[in-house]
Every structure is written in structure tokens, then in C-alpha cells.
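The residues making up each chain are set out below.
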Amino acid sequence: MSTITDTDLAALNEEFERAPVSKVVAWAVEQFGSSLTVASSMQDAVLIDIAHQVDPNIDVFFIDTGLHFTETWDTLRAVEDKYGIKVRVVKKDEQNWKELDPEHCCEAAKVAGLDDALVGRQGWITALKRVDAVTRVQVPVVGRDRRGLVKLNPLAAWTDDDVYGYAADHDVPVNPLVAKGYLSIGCAPCTVPVAPGQHPRSGRWAGTDKTECGLHV
Ligand code: SF4
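Just so it is clear, the model here is predicted, and its values are computed rather than measured.

With that settled, the discussion passes to the site of the ligand. Taken together, the neighbourhood of the ligand is formed by Leu67, Pro102, Cys105, Cys106, Ala109, Lys110, Cys187, Cys190 and Trp205. Among the residues forming the shell around the ligand, the class breakdown is eight nonpolar, no polar and one charged.

Okay, here's the thing in C-alpha cells:
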């Protein structure tokens, strides 16, 4: 278990709020070494691109719910090819999403998969941004998750334009569904494209009250 205190985290947040993403990742690599991991939904590989520059051996994982779009798997393979890495695919038992309400489906497929992915880790890095959703406006650059692990969100202050601008400038793989209006990509049964001007997150669990899968609460 990490010895980083809440006082340390507060000081780090001040230091990292305007720091380059690579500096935050480098700190995490220094702190946690091989017990650090990077989460990816394969919407884009911007975080992976930066993390890979800091540490080419950094662990990257993807949670396989059994319900992803073909394009998401294509993106994962493009990431593996570009960076010469093997993404760690974590899978729980296949869920029949039609038989479960979305809350229980996400709990069984995604949250349980994340718990598995984080076994033996001390820190993890996500691509969460404050602009993603109203539930994320206070995302810190560094904090602690419900397991007590240090959770880093070095893109917290980025906008979608920042992400796609970086991707274009650095030839970073982006899920081809983004160009078709899928601006927040989850599982195929629960993701629809959004019209211009609509909030990207409105394409997730459309028609329900659900806004988060539970990975980041
Ligand atoms: S996003 Fe939909 S299909 Fe995927 S785990 Fe959640 S409820 Fe199930």
C-alpha cells in the first residue's frame, strides 16, 4: 500500500494542476514502478501515447465486457501495432445485458473487471476529463480511489479539442466511431451517436437516468 498521505495528495494537486501530462506520468512511474497501470476505453490513445513516451514498458489495460464495437477492437489492435505493446485485456464472465438492468450489467462486467485489473497495483492512470460530464467537473489530477489506490487523471483539465488536436498532431490512433458521431464510446448496446451540439455523454445509456458506469465513483 502506498504511503502517500492526503496532505501529499493536496500538495501534488497544486503542483500538477498546470503541469504537462508527461510530468504527472513520470511522477507516477517513479513512485509505483511496475505496480502502475493505465486504463483505456480505446476511444483514443492520447494518454497511452504520452505514457508510452515516459515509460515504453508501462502497463495498459482494457476491460472486455464482451459487448464492444468492432471498431473499438480495431483501435486496440492499432494501438498495439503503433506502440509495439500488448494491451492487457481483462474480462469477467460474459453478461447477458438484456437480462440485467444497466446498473447491474455495468457492475458485473465493468466494475468487477476493473477490480481484477487493479489487483496488485498501487496506482492507476485514467483519461478522465472534467468536461466529460457534470459528474466529473471536480476530477482532481491526483486522488485516491475507493480501494485506497492512487488514481491519476493527468488529462483532467483538457478539452475534447485538446485531445483530438493532440491526436491529429501526433498521429495517435482514434476510434473511427468518433468521426461518425459517437463522441463517448462504451459498449455497443448502450452507445449511440450524438447530433452536432449535443453533449457527447448524452449518447451513453440514452433514455435512462444512468450517467456513469461505476468505474469512476
Ligand atoms: S455499458 Fe451497457 S452493456 Fe456495457 S456493461 Fe454497462 S450496461 Fe452492460
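This paragraph deals with the nonpolar core. Core analysis: the largest hydrophobic core is formed by 43 residues, its most contacted members being Ile58, Ile125 and Leu152. When contributions to this core are tallied by element, the ones reaching two or more residues are helix H1 (6–16), helix H2 (21–32), strand E1 (36–39), helix H3 (46–54), strand E2 (59–64), helix H4 (70–83), strand E6 (150–152) and helix H6 (160–170). Residue contributions to this core peak at seven residues, all from H2. Not counting the four nearest positions on each side in its chain, Ile125 is found in contact with Val25, Ala28, Leu36, Thr37, Val38, Ala39, Leu47, Ile58, Leu152 and Pro154. Ranked by size, the runner-up nonpolar core spans 14 residues in total, among them Ala39, Val90, Trp205 and Cys213.

A few words now on the pairing of E1. Residues Leu36 and Val38 point to one face of E1 and Thr37 and Ala39 to the other, with burial holding for every one of them. Pairing geometry for E1 and strand E4 (residues 123–125), over three bridges, is parallel. The partner of Thr37 across the bridge, within E4, is Trp124. One ladder, built from three bridges, connects E1 with E2; its direction is parallel. Bridge pairing in E2 links Ala39 to Phe61. In this region the chain leaves E1, passes through H3 and returns to the parallel neighbour E2; the handedness of that crossover is right-handed.

Our focus in this paragraph is the packing of H1 against H2. At a minimum axis distance of 10 Å, the contact between H1 and H2 shows a crossing angle of 150°. Between H1 and H2, the interaxial angle falls into the category roughly antiparallel. In this structure, H1 contributes Leu12, Glu15 and Phe16 to the contact, and H2 contributes Lys23, Val24 and Trp27.

To continue, consider the packing of H3 against H6. Where H3 contacts H6, the axes come no closer than 9 Å and their chain directions differ by 60°. As judged from the angle between their axes, H3 and H6 are oblique. Note on element contacts: H6 touches H3 through Val163, Tyr166, Ala167 and His170, opposite Val46, Asp49, Ile50 and Gln53. Across the contact of H3 with H6, the residue classes break down as five nonpolar, two polar and one charged.

Rules used in this analysis
Residues numbered from 1 in each chain as written. Predicted model: local features only at pLDDT ≥ 70, side-chain atom pairs only at ≥ 80, totals over all residues. Heavy atoms only, no water. Near = heavy atom within 4 Å. Nonpolar A, V, L, I, M, F, W, Y, C, P; charged D, E, K, R; others polar. Core = buried A, V, L, I, M, F, W, Y, C linked by side-chain atoms within 4.5 Å. Buried < 20%, exposed > 50% of the residue type's maximum accessible area, 1.4 Å probe, protein only. Helix = DSSP H or I, 4+ residues; strand = E, 2+ residues; numbered from the N terminus. Contact = heavy atoms within 4.5 Å. Pairing = 2+ DSSP bridges. Right-handed = clockwise from strand over helix to strand, strands pointing away. Axes fitted to C-alpha atoms, helices over the stretch in contact; angles between N-to-C directions. Parallel < 35°, antiparallel > 145°, perpendicular 65-115°, else oblique.

Any functional reading would require information that these geometric values do not contain.
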